[in-house]
Amino acid sequence: MRFGVFLPPQAEARAVPVLYWLSGLTCTEENFIVKAGAQRVAAELGLAIVVPDTSPRGLKIPGESDSYDFGLGAGFYVDATQAPWSRGYRMYSYVVKELPGVIDSNFPVDPARTGIFGHSMGGHGALTIALKNPQTYKSVSAFAPICSAMRCPWGEKALTGYLGPDRALWQDYDASALVESRGWKGPAPLVDQGTTDQFLESQLKPELLKEACRRTGVPLDLRLQAGYDHSYFFIASFIEDHLRFHARNL
């Protein structure tokens, strides 16, 4: 596995807060590093940023590169239980347990001040991981997240392939379902969504997350950004807001 780490200048003198960024379908660790424009503000705020890949590489599982939305570049931040994917597609455990162990042991970060954010499939990952691990992640935000993986074509394909057909098992990887079952006591999640995103109605469905939060009394800062699409231009336009949001809460 490859990952990128940005350390701010403040890390030379003390342990700093750390943010984990989870990327979307087809991405590697490089997309955020090159396109998001996060380093300047992260340096100012004293935030470390860790950027993992989106799936295992090199397992050579037959068919893993046949489609863009399943297999390579599409780990969906779940722990697969179905063969052959269970052999290595365990992105949830990688992000939550294995990678932080490596980071905490080798870089001057303060694990007590950890946040998580992401885009699209990675927004789904950030929300579900934070909701299941509130003791670890003190803040969470997302750009154009898949808000209910159980109720969109991308999610249904991935969850069927990785977890099998029992939809009851899928609820553990569905942000809207997790809000209803577990709640959230941390700062209101910040979610930005472009209004001209081509995946807005078919795949992302922020209204489902908004309704789940309303029913359970969980605060949510959902911002609909007029004219923005699903691209890294959208992310770069609002990344400073997200970094400052996390810095305030970490």
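Placed above this text is the structure.
Below, the structure is looked at part by part. (Residues numbered from 1 in each chain as written. Predicted model: local features only at pLDDT ≥ 70, side-chain atom pairs only at ≥ 80, totals over all residues. Heavy atoms only, no water.)

Turning our eyes to something else, we now look at the pairing of strand 4 (residues 109–119). With 6 bridges connecting them, strand 2 (residues 16–22) and strand 4 associate as parallel partners. Following the sheet pairing, Y20 is matched in strand 4 by I116. Regarding topology, helix 4 (residues 121–132) serves as the crossover connection from strand 4 to the parallel strand 5 (residues 137–143), and that connection is right-handed. (Pairing = 2+ DSSP bridges. Helix = DSSP H or I, 4+ residues; strand = E, 2+ residues; numbered from the N terminus. Right-handed = clockwise from strand over helix to strand, strands pointing away.)

Using the criterion set out here, one finds 0 disulfides in the structure. There is no disulfide at C27, and the cysteine sulfur nearest it, in C152, is 17 Å away. The exposure class of C27 is buried, given its relative accessible area of 7%. Free cysteine C213: the closest other cysteine sulfur is in C147, separated by 8.9 Å. (Disulfide = S-S within 2.5 Å. Buried < 20%, exposed > 50% of the residue type's maximum accessible area, 1.4 Å probe, protein only.)

Next up on the list: empty space enclosed by the protein. Picture a little ball the size of a water molecule; that probe, rolled over the atoms, points out where space is still empty. Inspection of every chain in the model, using the stated rule, returns 1 cavity of 30 Å³ or more. Put simply, the largest cavity is a space of about 70 Å³. For the lining of the largest cavity, the secondary-structure elements that each account for two or more residues are helix 4, helix 7 (175–182) and helix 9 (206–216). Examining the composition of the lining of the largest cavity, we find that 3 residues originate from one element, helix 4, more than from any other. In the lining of the largest cavity, the residues fall into 12 nonpolar, no polar and no charged. (1 Å grid on protein atoms, 1.4 Å probe; cavity = no way out; pocket = protein on both sides within 12 Å on 5 of 7 lines; lining within 4 Å. Points joined across faces, edges and corners; volume = space filled by probe spheres on them. Nonpolar A, V, L, I, M, F, W, Y, C, P; charged D, E, K, R; others polar.)

Turning next to the sheet that holds strand 6 (residues 190–194). On the basis of which strands lie adjacent, the open sheet formed by 7 strands has the order 1-3-2-4-5-6-7 and mixed pairing. The two strands at the open ends of the sheet, each matched to only one other strand, are strand 1 (3–6) and strand 7 (221–225). The average undirected angle you get between the axes of adjacent strands in this sheet is 15°. For strand 4 and strand 5, the ladder comprises 6 bridges, and the chain directions are parallel. Residue G115 lies in a different strand from strand 5, and its bridge partner there is S139. (Axes fitted to C-alpha atoms, helices over the stretch in contact; angles between N-to-C directions.)

Attention shifts here to the pattern of salt bridges. Think of it this way: side chains of opposite charge can pair up when their charged atoms draw near. Going through the model one piece at a time under the given rule, you end up with 15 salt bridges. Two residues, R215 and E211, come together in a salt bridge whose shortest N-O distance is 3.2 Å. Remark: E211 and R215 occur in helix 9; sequence separation between them is 4 residues, near one turn of the helix. Here R215 falls in the partly exposed class, since its relative accessible area comes to 47%. The class for E211 is partly exposed, based on a relative accessible area of 28%. One salt-bridge network, in which partners are shared between bridges, spans R40, E44, E240 and R244. (Salt bridge = Lys/Arg side-chain N within 4 Å of Asp/Glu carboxyl O.)

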